[in-house]
Every structure is written in C-alpha cells, then in structure tokens.
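Observations on chain architecture
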Amino acid sequence: MRRRIVAGNWKMNGSKDLSEKLVGYVRSETGSLDNGVEVVIIPPALYVGDVLRLAQDAVSVGVQNVGRWQSGAYTGEISAEMAKDAGCRYVLVGHSERRQLFGETDEQVAEKVSLALASGLTAIVCVGESLEERESGQAEAVVAGQVRAGLASVACAADGRAWQNIVVAYEPVWAIGTGKTATADDAQAMHASIRGVLKDMGAPAEEISLLYGGSVKADNAPALFSEPDIDGGLIGGASLVAEDFVSICRGVPAGA
C-alpha cells in the first residue's frame, strides 16, 4: 500500500512563535486522524530544530532544499547529510521556485536526489508545467521529461530499493499561489501519466507516492485526494494556518 502523505511547505515564512503555535496544534490533532496519513512539515532551515522539538515524532520534518555537495567551501549551503543528522526525514528537490528563481536544472535536481538518497533522506521530487506549456498541449511531455531527468540516477542504480525513498509531487506552475487549481480529473490524468513514466523507467510505480500541489485548500482536498493516483498533497500557503492544514490532512480518504 502506498504511503498517504500531506506535507506543508512553509517556503520563506515562519517564526519561533508560529512554530510553537502551529506545530503544537498539528501534533495535538494528529492523534485524532484515523486515515493513516503521514503529516510532514517543511519549514525554513533555521526553524527545523524548533519544529523537530515540537513535533515529538508525531509529525515528520523535512528541509526545502539541499546543496549539490556533501561538504566544503560553499557558504550558505546545507548538505543532505546535515539535514539527516539534524533529524529530518524528507527534502524537497526541484521545486518550481528553485527552478525559476534560482535556475536549477534537471541535471542539478538529479544530483541532489542522489545525495539525498545516499544520506538516507526521502526526496520529494517536484515537477510541473507552466501555463504556456499546458495551453500548447506540451504539459505531459514537459512533466515526463522532468521525471525522467530528475530520477535518472535512481533508474540507473544497481539497488532498486532506492525507489522506496522517492516521492513525486506534481505542482502545475500556473496553480502555485495563484488560487487556481487543476480540476480533480486533470490532476488525476497527470498523476496517471507520471505513474506510467515511472513504470517505463523500471520503477515499482504502484508503490511510489504521488502528491498534488497547487492551491490545495480544505474544500478541494477531498476531491483531489480521492483520485486513484493522487496519494496526498504538497501544501503551500494553507500549511501556515494550523486549522486549515489539519483540515486538509483530514481530507485524505480513510483506508485508502
């Protein structure tokens, strides 16, 4: 059975006060979740320690990015091994904001995936198309290319168990922070396409969790998460409001 995951990406938001209030509330509510969902909080790196302390193993914790090197003279970078050593379980790799604002390429994404897996982290690999690419009919081809390139090193690995630590998050760029959301049917179609690409790559596709991200809210989460190939969500702005985030976590169907 695939893991059902709802991960909250705080992006460049947060404070010690927010960490105290939000994580404490989310932790207290996870005990009443009976749908088997794994709740993940991904704060800015400065607050990882606070979130880990407050989560008390009830909530998993991740980082938003890691560097392309294990160690060295790379001021401002953190390594995958550091994130693992700090207590993180997950890392986002290839988020569209990293690709667009910082010029991160598919090849760099692949490098970071390799380092994340070598350190024992689970990589949440983000893919997604622009509005122009969708309107021109290229959406599936663009996303398939990102999946193949970003996970090339995993496909080539001698040990197929590496796939166990891969999660793919589909986030259409045109839906991130815009209030626009792909319809449940459109999101399902892309997730099914991604699963097909993974199968073609030799991955155990039916065992890999696929998440949807892009203006997910409490009111649209149940419809999205009920689709057969959508295993949860990567949540942006709504993850900064404790009640909203927990409501989204409740939107995962029980026993799915």
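Residues numbered from 1 in each chain as written. Predicted model: local features only at pLDDT ≥ 70, side-chain atom pairs only at ≥ 80, totals over all residues. Heavy atoms only, no water.

Time to look at the environment of Gly8. Considering the arrangement of structural elements, one finds Gly8 in strand β1 (residues 5–9). Considering only alpha carbons, one finds Gly8 and Leu234, 226 residues apart in sequence, at a separation of 6.0 Å. (Helix = DSSP H or I, 4+ residues; strand = E, 2+ residues; numbered from the N terminus.)

A few words on the environment of Arg195. Tracing the backbone through its elements, the reader meets Arg195 in helix α9 (residues 184–200). Judged by relative accessible area, which is 4%, Arg195 ranks as buried. Remark: the alpha-carbon pair of Arg195 and Ala218, spanning 23 residues in sequence, is separated by 25 Å. If sequence neighbours within four positions are ignored, Arg195 has contacts with Arg2, Ala205, Glu206, Ile208, Leu210, Asp229 and Asp231. Polar side-chain contacts of Arg195 include one of 2.7 Å to the backbone oxygen of Ala205. (Buried < 20%, exposed > 50% of the residue type's maximum accessible area, 1.4 Å probe, protein only. Contact = heavy atoms within 4.5 Å. Polar contact = N/O pair within 3.5 Å; in protein donor to acceptor, adjacent residues only side chain to side chain.)

Within the largest apolar cluster, 70 residues are counted, with the highest numbers of intra-cluster contacts made by Leu151, Ile166, Ile194 and Leu198. Among the elements that line this core, the one with the most residues is α9, at six residues. Apart from residues lying up to four places away in sequence, Ile194 is in contact with Val127, Val143, Val147, Val168, Tyr170 and Leu210. (Core = buried A, V, L, I, M, F, W, Y, C linked by side-chain atoms within 4.5 Å.)

Right, let's get into unusual backbone geometry. One non-glycine residue with positive phi stands out, namely Gln56, at about 50°. With respect to the helices and strands, the residue Gln56 is situated in the loop between α2 (48–55) and β3 (60–63). Given the relative accessible area of 53%, Gln56 is considered exposed. Positive phi outside glycine occurs at Asp57, with the angle close to 70°. The residue Asp57 is located in the loop between α2 and β3 in this model.

Turning next to the pattern of salt bridges. Scanning the model with the defined rule gives 16 salt bridges in all. Here Lys16 makes a salt bridge to Asp50, at a shortest N to O gap of 3.2 Å. One end of the pair, Lys16, is in helix α1 (residues 16–30); the other, Asp50, is in helix α2, and 34 residues separate them in sequence. Take Lys16: its relative accessible area is 51%, and that puts it in the exposed class. Across the salt bridge formed by Lys112 and Glu104, the nearest N and O atoms sit 2.7 Å from each other. We note that Lys112, like Glu104, is buried. If you follow the salt bridges from partner to partner, you end up with Arg2, Arg195, Glu206, Asp229 and Asp231 in one network. (Salt bridge = Lys/Arg side-chain N within 4 Å of Asp/Glu carboxyl O.)

Aromatic ring pairs: the centre-centre distance and the angle between the two ring planes describe each pair. Going through the model one piece at a time under the given rule, you end up with two aromatic pairs. For the ring pair Trp69 and Tyr74, a centre distance of 4.0 Å and an interplane angle of 5° mean the geometry is stacked. With centroids separated by 6.1 Å and ring planes inclined at 55°, the aromatic side chains of Tyr170 and Tyr212 adopt a geometry described as tilted. You can see Tyr170 sitting in strand β6 (residues 166–170) and its partner Tyr212 sitting in strand β7 (residues 210–212), a full 42 residues away along the chain. We note that Tyr170, like Tyr212, is buried. Taking NZ or CZ as reference, Arg98 lies 4.1 Å from the ring centre of Phe102, over its face. (Phe/Tyr/Trp six-rings, centres within 6.5 Å; stacked < 30°, edge-to-face > 60°. Lys NZ or Arg CZ within 6 Å of the ring centre and 35° of its normal.)

Let us now look at the pairing of β3. Going residue by residue along β3, you find Ser60 and Gly62 tucked away on one face and Val61 and Val63 tucked away on the opposite face as well. Looking at chain direction, strand β2 (residues 38–42) and β3 are connected through two bridges and run parallel. In the strand pairing of β3, Val40 is matched with Ser60. Where the polypeptide runs from β2 across α2 and back to β3, its parallel neighbour, the crossover connection is right-handed. At this point the chain moves from β3, through helix α3 (residues 80–86), to the parallel strand β4 (residues 90–93), and the crossover so formed is right-handed. (Pairing = 2+ DSSP bridges. Right-handed = clockwise from strand over helix to strand, strands pointing away.)

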